[in-house]
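A structural walkthrough
Given next are the chains, with one letter for each unit.
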Amino acid sequence: MKLVIQIPAFNEAGTIGATIRDLPRALAGIDEIAVLVLDDGSTDGTSEAARAAGATVVARWPQNRGLAYTFRAGLDRALEMGADVVVHTDADNQYQAADIQALVDPILAGRAEIVVGCRDMDAIPHFSAQKRALQRLGSRVVRAFSGTDVPDATSGFRAYSREAAIRLNVVSSYTYTLETLIQAGREGLALEFVPIRTNPKTRESRLMRSQWNYVARSVATILRISILYRPLQAFALAGLALIIPAMLIGLRFLAAYFSGTGSGHVQSLILAAILTIVGIQVIVMGVIADLQAANRRLLSDLLARKRREDAELRSPKPPTD
């Protein structure tokens, strides 16, 4: 059983060494541990620092491509390395590496395909009251959209089974944390969460330029992924949000018409007609998007099969006698 710990890093020369050195060298149920560092276009010598600290593989691309791209590329590379389990952690040493055992145990036991490490928000001193409230609110929204019960939706400390790593697709260009939870819920992947501990803060978050910017981009990601997986439901609700007011306005016109004052409410009739037409068009768009979603599911299955075959071909083979 091989574990690959993947660490995305962008200009983390000052912290990547401590992050790697804190990683466990042996775990119960794991025969081999490899460390994969994904250098996302760093300019400060992150790759060199990672190699000096003992990283097994350092993959680097010349330009910064973002966390979502790096996450997906890391899963592909981990599969090529022969990973049976993949743990994703951050390069700023935010999470206590000793809790990796707790992350992988549900996968080794066959209970889960994805395990999320959940932080105790109240125990993190540098989290403001506003940030804690936003984190909790955001997690509730993600739980509602994904059908999962993970209390810390933004945690980047996670473990994935080989099959989950093959099946997950990230289309967002911002972050993978919310998207993969929604996808896991929609795809029916077995998911658990475990409590984990954090280390003292080493730097400011680079993903969160401001709390409200993060909220806005997270909301956009949640809506986009939800529409991607349930387009008919989303467009039908939007269409009904137009048609129902149109019906009420139309009833107002009819009431006025039959009372003999309809000539003064022609604008209501015109508005009702416009809203009805637009609402019907939105629902038709939903039907078309739902057909496209069916094709996307077929393509996703084909992509998973191709990844599985590629991973088998490229992963190291055990020596034969």
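Computed from a predicted model, the values in this text were never measured in an experiment.

**A word on the overall build of the protein chain**
- For the protein chain, the helix and strand inventory stands at 10 helices and 7 strands.
- Burial analysis of the protein chain (321 residues in total) assigns 47% to the buried set.
- Long-range contacts, defined here as pairs at least 24 residues apart, represent 74% of the contacts in the protein chain between residues at least 6 apart.
- With an accessible surface of roughly 15,900 Å², the protein chain has 60% of that area assigned to carbon and sulfur atoms.

**A closer look at the nonpolar core**
- If you look at the biggest cluster of nonpolar residues, it comprises 40 residues, and the most contacted ones within it are Val4, Leu36, Ile114, Val142, Tyr160 and Leu181.
- Elements with a minimum of two residues in this core: strand E2 (32-40), strand E3 (57-61), helix H3 (67-80), strand E5 (114-118), helix H6 (162-167), helix H7 (177-187), helix H8 (211-229) and helix H10 (266-314).
- With sequence-adjacent residues up to four places away left out, Ile114 is seen in contact with Ala159, Tyr160, Ala164, Leu168, Ala184, Leu189, Ala190, Leu191 and Glu192.
- Ile7, Ala55, Ala112 and Val194 belong to the second largest nonpolar core, which has 30 residues in total.

**A few points about the pairing of E3**
- Within E3, 4 of the 5 residues are buried, leaving the element largely enclosed by the surrounding structure.
- Two strands pair when backbone bridges link them, and E2 and E3 are joined in this way by 5 bridges, in the parallel orientation. The partner of Asp40 across the bridge, within E3, is Trp61.
- At this point the chain moves from E2, through helix H2 (residues 46-53), to the parallel E3, and the crossover so formed is right-handed.

**Observations concerning the sheet that holds strand E1 (residues 2-9)**
- The 7 strands lie next to each other as E3-E2-E1-E4-E6-E5-E7, forming an open sheet whose pairing is mixed. With partners counted over all chains shown, the strands left at the sheet margins are E3 and strand E7 (191-195), one partner each. Averaged over neighbouring strand pairs, the angle between their axes works out to 20° when direction is ignored.
- Where E5 lies against strand E6 (residues 158-161), 3 bridges are found, and the strand directions are antiparallel. Within E6, the position partnered with Val115 by the bridge is Ala159.
- Packing against the sheet, H2 makes contact with E1, E2 and E3, and its axis sits at approximately 175° to E3.
- Relative to the sheet, H7 contacts E5, E6 and E7, its axis offset from that of E6 by approximately 40°.

**What to know about empty space enclosed by the protein**
- Within the structure shown, the criterion is met by 1 cavity of 30 Å³ or more.
- Its volume calculated, the largest cavity comes out at about 40 Å³.
- Along the walls of the largest cavity sit Thr19, Leu23, Thr89, Asn93, Tyr95, Ala97, Ile100 and Phe157, which together make up its complete lining.
- Residue composition of the lining of the largest cavity, by class: 5 nonpolar, 3 polar and no charged.

**What about the packing of aromatic side chains?**
- What the rule picks out here adds up to 4 aromatic pairs.
- Here the aromatic rings of Tyr95 and Phe157 are separated by 5.0 Å at their centres, their planes lie at 5°, and the arrangement is stacked. With Tyr95 in the loop between strand E4 (85-88) and helix H4 (100-108) and Phe157 in the loop between helix H5 (129-146) and E6, the pair connects residues that are 62 residues apart, well separated along the chain.
- The structure contains a cluster of three or more aromatic residues connected by ring pairs, namely Phe71, Tyr160 and Tyr176.

**Considering helix H9 (residues 231-258)**
- With 28 residues, H9 extends 40 Å between its outermost C-alpha atoms, agreeing within 8% with the 40 Å of an ideal straight helix rising 1.5 Å per residue.
- Within H9, the full set of buried residues consists of Pro231, Gly239, Ile243, Ala246, Gly250, Phe253 and Ala256.
- Within two residues after H9, Gly260 carries a phi angle of roughly 90°, on the positive side.

**Focus on H7**
- Along H7, 8 of the 11 residues are buried, which leaves the element largely enclosed by surrounding structure.
- Those residues of H7 lying buried are Thr177, Leu178, Glu179, Thr180, Leu181, Ile182, Gln183 and Ala184.
- One or two steps after H7, the chain reaches Gly188, where phi turns positive at roughly 75°.

**What to know about unusual backbone geometry**
- Even without being glycine, Asn11 reaches a positive phi, approximately 55°.
- Residue placement: Asn11 occurs in the loop between E1 and helix H1 (16-21).
- One non-glycine residue, Asn93, lies in positive phi territory at about 60°.
- What makes Asn93 buried here is its relative accessible area of 13%.

**Let's talk about the side chain of Gln6**
- Along the chain, Gln6 falls in strand E1.
- Every residue in contact with Gln6, bar those within four places of it in the chain, is listed here: Leu36, Leu38, Phe71, Gly74, Leu75, Ala78, Val86, Val87, His88 and Thr89.

**Some words on a nonpolar patch on the surface**
- Among the surface-exposed residues, Leu240, Ile244, Leu248, Leu251, Leu254, Tyr257 and Phe258 lie close enough to one another that they form a single nonpolar patch of about 760 Å² accessible area.
- Looking at the secondary structure, you find Phe258 in helix H9.

**Comments concerning the pattern of salt bridges**
- For the structure on display, the rule yields 7 salt bridges.
- The closest approach of N and O atoms between Asp152 and Arg119, which form a salt bridge, is 2.7 Å. Here the residue Asp152 occupies a position in the loop between H5 and E6, and Arg119 occupies one in the loop between E5 and H5, the gap between them amounting to 33 residues.
- For Glu187, the salt bridge is made with Arg167, and the minimal N-O distance between the two is 3.7 Å. Taken together, the residues Glu187 in helix H7 and Arg167 in helix H6 connect sequence positions 20 residues apart.
- For Glu187, a relative accessible area of 26% gives the class partly exposed.
- Taking relative accessible area as the criterion, Arg167 reaches 26% and is therefore assigned partly exposed.

Conventions adopted
Residues numbered from 1 in each chain as written. Predicted model: local features only at pLDDT ≥ 70, side-chain atom pairs only at ≥ 80, totals over all residues. Heavy atoms only, no water. Helix = DSSP H or I, 4+ residues; strand = E, 2+ residues; numbered from the N terminus. Buried < 20%, exposed > 50% of the residue type's maximum accessible area, 1.4 Å probe, protein only. Contact = heavy atoms within 4.5 Å. Areas by Shrake-Rupley, 256 points an atom, 1.4 Å probe, with all protein chains shown as cover. Core = buried A, V, L, I, M, F, W, Y, C linked by side-chain atoms within 4.5 Å. Pairing = 2+ DSSP bridges. Right-handed = clockwise from strand over helix to strand, strands pointing away. Axes fitted to C-alpha atoms, helices over the stretch in contact; angles between N-to-C directions. 1 Å grid on protein atoms, 1.4 Å probe; cavity = no way out; pocket = protein on both sides within 12 Å on 5 of 7 lines; lining within 4 Å. Points joined across faces, edges and corners; volume = space filled by probe spheres on them. Nonpolar A, V, L, I, M, F, W, Y, C, P; charged D, E, K, R; others polar. Phe/Tyr/Trp six-rings, centres within 6.5 Å; stacked < 30°, edge-to-face > 60°. Expected span 1.5 Å × (residues − 1). Patch = residues over 30% accessible without salt bridge, like charges linked within 9 Å, V, L, I, M, F, W, Y side chains within 5 Å. Salt bridge = Lys/Arg side-chain N within 4 Å of Asp/Glu carboxyl O.

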